[in-house]
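# What the coordinates show
So you can see what is in the structure, the chains are spelled out below.
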There are 2 protein chains.
Amino acid sequence: MTPLYMDDLKVGDVFTSAEQVIDADQIRAFARAFDPQLFHLDDEAAKSTLFGGLAASGWHTAALTMRLLVTGGLPLAGGLIGAGTSLEWPNPTRPGDVLRVEVEILAINPSRSKPDRGMLRVRSRTLNQRNEAVQIAETKVLAFRRPSPA
Amino acid sequence: MTPLYMDDLKVGDVFTSAEQVIDADQIRAFARAFDPQLFHLDDEAAKSTLFGGLAASGWHTAALTMRLLVTGGLPLAGGLIGAGTSLEWPNPTRPGDVLRVEVEILAINPSRSKPDRGMLRVRSRTLNQRNEAVQIAETKVLAFRRPSPA
């Protein structure tokens, strides 16, 4: 998909990413590296926790969401650069889940000091194969204006 | 460190994690998996981007912050379970940075429906070796009450 400039976007535009499967090995590998807690590491032990079974780290869900956005879900010219985000995880990500991301443009704010860019506010919903949200985020994302012909 | 129950905490308590070094190989490996963009992947190409050089994905900084909290930075009984977070990345994380996390308890809200638990609001600042914040987050974290003796 052709990368989009701020000029190409309007409030209300919706984008949908490709899908990505997450398996138990990936969940455990991410947890060993970044979030070594029983409910992300051990299927059996996880059953007696709040999660009732193996669940991905929320940060794994967040990282996969970024992957889906960067690899086509939100094709912005100049790349996907977030300035800040507010996110929640309404449901856990489980082994075998098939995730996709839906993104909606909520606001487009041209920069006052830098005429070549602006800040988008976008809402992303990361959904599993049952259309349950595993992550909902509202994020400030940089967007560039189409360069004027020289 | 002994895991702490909600009863052990008070507003204003501050915790400091251990330190963790991040190197260029780790930055590139995380980016290949989750955030494959030039400024996280290629030292040379990164120089002509907004980042002016190789920088870690913000999600890598977030994941390392979680690692530092889980491995002793915020030792909560029952584990570290976040319900939602609001975060920003004021400065990029660079190869060779030494990160640590400072956490402050901002609020302690006992649950009305579940007497065995409550929700903390905590602010974490992830700092590099120059005490620059590379991530500032405000997060809702579950805490459990000390079980009463049977």
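Here is what the cut-offs are and how they apply
- Residues numbered from 1 in each chain as written.
- Chains lettered and ligands numbered in written order.
- Predicted model: local features only at pLDDT ≥ 70, side-chain atom pairs only at ≥ 80, totals over all residues.
- Helix = DSSP H or I, 4+ residues; strand = E, 2+ residues; numbered from the N terminus.
- Buried ≥ 20, exposed ≤ 12 C-beta atoms within 10 Å, placed from the backbone.
- Contact = placed C-beta atoms within 7 Å.
- Least-squares fit on C-alpha atoms with pLDDT ≥ 70 in both.
- Arc of directions from axis to C-beta.
- Axes fitted to C-alpha atoms, helices over the stretch in contact; angles between N-to-C directions.
- Parallel < 35°, antiparallel > 145°, perpendicular 65-115°, else oblique.
- Nonpolar A, V, L, I, M, F, W, Y, C, P; charged D, E, K, R; others polar.
- Pairing = 2+ DSSP bridges.
- Core = buried A, V, L, I, M, F, W, Y, C linked by C-beta atoms within 7 Å.
- Expected span 1.5 Å × (residues − 1).
- pLDDT = per-residue confidence, 0-100.

It is worth spelling out the overall build of chain A at this point. Looking only at helices and strands, chain A has 4 helices and 6 strands in total. Helices and strands appear in chain A in the N-to-C order β-β-α-α-α-α-β-β-β-β. Projected onto the principal axes, the alpha-carbon positions of chain A cover approximately 60 × 25 × 25 Å. Every one of the 150 residues in chain A was classed for burial, and the buried ones make up 38%. A sequence separation of at least 24 residues applies to 70% of the contacts in chain A between residues at least 6 apart.

Our focus in this paragraph is the relation of the copies chain A and chain B. When chain A is fitted to chain B, the best match, at an RMSD of 0.0 Å, comes from turning it 180° and sliding it 0.0 Å along the axis. Taken together, the turn and the small shift mark the pair as related by a two-fold rotation axis. By C-alpha distance to the rotation axis, the residue of chain A lying nearest is S86 of chain A, at 2.0 Å. Counting the interface residues of chain A, we find that 100% of their copies in chain B are interface residues as well, pointing to one common contact surface.

Residues and elements named next belong to chain A. Assignment of secondary structure puts G52 in the loop between α3 (43-46) and α4 (58-73). Given 11 C-beta atoms within a 10 Å radius, G52 is considered exposed. Residues G52 and F39, spaced 13 residues apart in sequence, show a C-alpha to C-alpha distance of 8.2 Å.

With that out of the way, let us pick up helix α1 (residues 24-34) of chain B. When we look at burial in α1 of chain B, the residues that qualify are I27, F30, A31 and F34 of chain B. The buried residues of α1 of chain B occupy an angular sector of 100° when the element is viewed end-on, so they sit on one face. Residues D25 and R32 of chain B are exposed on α1 of chain B and point more than 90 degrees away from its buried face. Of the surrounding secondary structure, the elements contacted by the buried residues of α1 of chain B are α4 of chain A together with α2 (38-41) and α4 (58-73) of chain B.

The geometry of α4 of chain A relative to α4 of chain B is characterised by a closest axis approach of 10 Å and an angle of 170° between their N-to-C directions. Between α4 of chain A and α4 of chain B, the interaxial angle falls into the category roughly antiparallel. Contacts between α4 of chain A and α4 of chain B involve W59, A62, A63 and M66 of chain A on the former and, on the latter, W59, A62, A63 and M66 of chain B. Tallied by class, residues from the contact of α4 of chain A with α4 of chain B come to 8 nonpolar, no polar and no charged.

Okay, the interface of chain A and chain B next. Contact residues are listed per partner, giving 25 residues for chain A and 25 residues for chain B. Contributions of two or more residues to the side of chain A that touches chain B are made by α4 and β3 (82-88) of chain A. Ranked by residues supplied to the side of chain A that touches chain B, first place goes to α4 of chain A with 9 residues. Bridge analysis of β3 of chain A against strand β3 (residues 82-88) of chain B gives 5 bridges, and the strand direction is antiparallel. Within β3 of chain B, the position partnered with L87 of chain A by the bridge is T85 of chain B.

All names here are of chain B. Judged from the 6 bridges that link them, β3 and strand β6 (residues 133-144) form a sheet pairing that is antiparallel. In the strand pairing of β6, G82 is matched with V141. Bridge count for strand β5 (residues 117-127) against β6 is 11 bridges, and the pairing is antiparallel. By the bridge assignment, G118 is partnered in β6 with A143. In this antiparallel pair of consecutive strands, β5 and β6, the connection spans 5 residues, and N131 shows a positive phi of 60°.

In this structure, A63 of chain A together with A63 of chain B are the most contacted members of the largest nonpolar core, which totals 71 residues. What A63 of chain B contacts, discounting residues up to four positions off in sequence, is F34, W59 and A63 of chain A.

What follows deals with α4 of chain B. Given a rise of 1.5 Å per residue, 16 residues ought to cover 22 Å, yet the end C-alpha atoms of α4 of chain B are separated by just 20 Å, more than 12% below that figure. Among the 16 residues that make up α4 of chain B, 14 are buried, leaving the element largely enclosed by the rest of the structure.

Regions with low pLDDT should not have their predicted coordinates read in detail. Here chain A averages 96 in pLDDT, while 99% of its residues score no lower than 70. We note a pTM of 0.96 for the whole complex and an ipTM of 0.95 for its interfaces.

Here the focus is the pairing of strand β4 (residues 98-110) of chain B. Residue and element names in this part refer to chain B. In terms of strand pairing, strand β1 (residues 14-16) meets β4 through 3 bridges, oriented antiparallel. Bridged to T16 within β4 is E102. Both β4 and β5 contribute to a ladder of 10 bridges, which runs antiparallel. Considered in β5, the bridge of P110 is made with G118.

To continue, consider the environment of V11 of chain B. All names here are of chain B. Examined against the element boundaries, V11 turns out to sit in the segment before β1. V11 sits in the exposed class, given 11 other C-beta atoms within 10 Å. Setting aside chain neighbours within four positions, we find V11 in contact with I105, L106, A107 and I108.

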